[in-house]
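For reference, the chains in residue letters:
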Amino acid sequence: EVQLVESGGGLVQAGGSLRLSCAVSGFTFDDYAIGWFRQAPGKEREEVSSISSSDGSTCYVDSVKGRFTISSDNAENTVYLQMNSLKPEDTAVYYCAAKNRVRGTCEHLIPFLIQFGSWGQGTQVTVSS
């Protein structure tokens, strides 16, 4: 059974940084897609970033481009989201989702993550002004 555990969230001031981790077990990193999503109170879930191993593509929502970086460490079965220059509007619960044995661009695979991916329980990120 695939299990995902997010960590690294916390309370930071605007302009600060956090690195979120998503540890995946029961999962082989072959032709995988992993994404970070977030949901703030009163808002719909938003796709933040994703990575596809089949073509190496990465995706970012416009609001985080240049500030967030997604990366993976296959040896540690972990995906990271480095978040710099954090803004109060980044405040949300951040979730990771993973699906292997998929091929395509990150854009193409986001719906597959949503529909068929395994999800973690989330980690809270709070950015104060």
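Our subject is the structure listed above.
Everything quoted here is computed from the prediction, not taken from an experiment. Residue indices begin from 1 for each chain and proceed along its sequence in written order. Predicted model: local features are reported for residues with pLDDT of at least 70 only, side-chain atom pairs are reported and counted for 80 or more only, and whole-chain, interface and lining totals are derived from all residues. With hydrogens and water stripped out, all remaining heavy atoms of the structure feed into the side-chain values.

**Q** Explain the overall build of the protein here, please?
**A** The secondary structure content of the protein amounts to one helix and 11 strands. Each helix is a run of H or I in the DSSP string that is no shorter than four residues. Each strand is a run of E no shorter than two, and both are numbered from the N terminus. Overall, the protein shows an N-to-C arrangement of helices and strands of β-β-β-β-β-β-β-β-β-α-β-β. Radius of gyration means the value over C-alpha atoms here, while the globule rule gives 2.2 Å times the residue count to the 0.38 power. Scaling as 2.2 N^0.38, a compact globule of 129 residues should have a C-alpha radius of gyration of about 14 Å, and the protein matches this with 14 Å. Oriented by its inertia axes, the alpha-carbon framework of the protein measures out at about 40 × 25 × 25 Å. Summary of the burial criterion: residues with accessible area below 20% of their type's maximum are buried, those above 50% are exposed, and those between are partly exposed, where the area comes from a 1.4 Å probe applied to protein chains only. Among the 129 residues that make up the protein, the fraction classed as buried is 42%. Look at the contacts in the protein between residues 6 or more apart in sequence, and 63% of them connect residues 24 or more apart. Surface exposure here means Shrake-Rupley accessible area, sampled with a 1.4 Å probe, where a residue is shielded only by the protein chains that are shown. Of the accessible surface of the protein, which amounts to about 6500 Å², a share of 45% is contributed by carbon and sulfur atoms. We call two residues in contact when some of their heavy atoms are within 4.5 Å.

**Q** Quick question: what am I supposed to make of the sheet that holds strand 8 (residues 78–83) here?
**A** Pairing between the strands of a sheet is mediated by backbone hydrogen bonds and can be parallel or antiparallel. Any two strands are treated as partners once DSSP identifies two or more bridges connecting them. Taken in spatial order, the four strands make up an open sheet running 1-3-8-7, and their pairing is antiparallel. At either margin of the open sheet sits one strand with a lone partner, and together these are strand 1 (3–7) and strand 7 (68–73). Averaged over all pairs of adjacent strands, the angle between their axes in this sheet comes to 15°, without regard to strand direction. With six bridges connecting them, strand 3 (residues 18–25) and strand 8 associate as antiparallel partners. Counterpart to Cys22 in the pairing with strand 8 is Val79. Between the N-to-C directions of two axes lies an angle of 0 to 180 degrees, each axis being a line fitted to C-alpha atoms and, for a helix, fitted only over the stretch in contact.

**Q** Explain the nonpolar core here, please?
**A** A general feature of soluble globular proteins is that nonpolar side chains tend to end up buried together. In plain words, nonpolar cores are sets of buried Ala, Val, Leu, Ile, Met, Phe, Trp, Tyr and Cys residues tied together by side-chain atoms within 4.5 Å. Counting 28 residues, the largest nonpolar core has Trp36, Phe68, Leu81, Met83 and Tyr94 as its most contacted members. The set of elements that each furnish at least two residues to this core consists of strand 3, strand 4 (33–39), strand 5 (46–52), strand 7, strand 8, strand 9 (92–99) and strand 11 (123–128). Those residues in contact with Leu81 that sit more than four places away from it in its chain are Leu18, Arg19, Leu20, Trp36, Val48, Ser49, Phe68, Thr69, Ile70 and Tyr94. Residues Phe37, Val102, Leu109 and Leu113 belong to the second largest nonpolar core, which totals seven residues.

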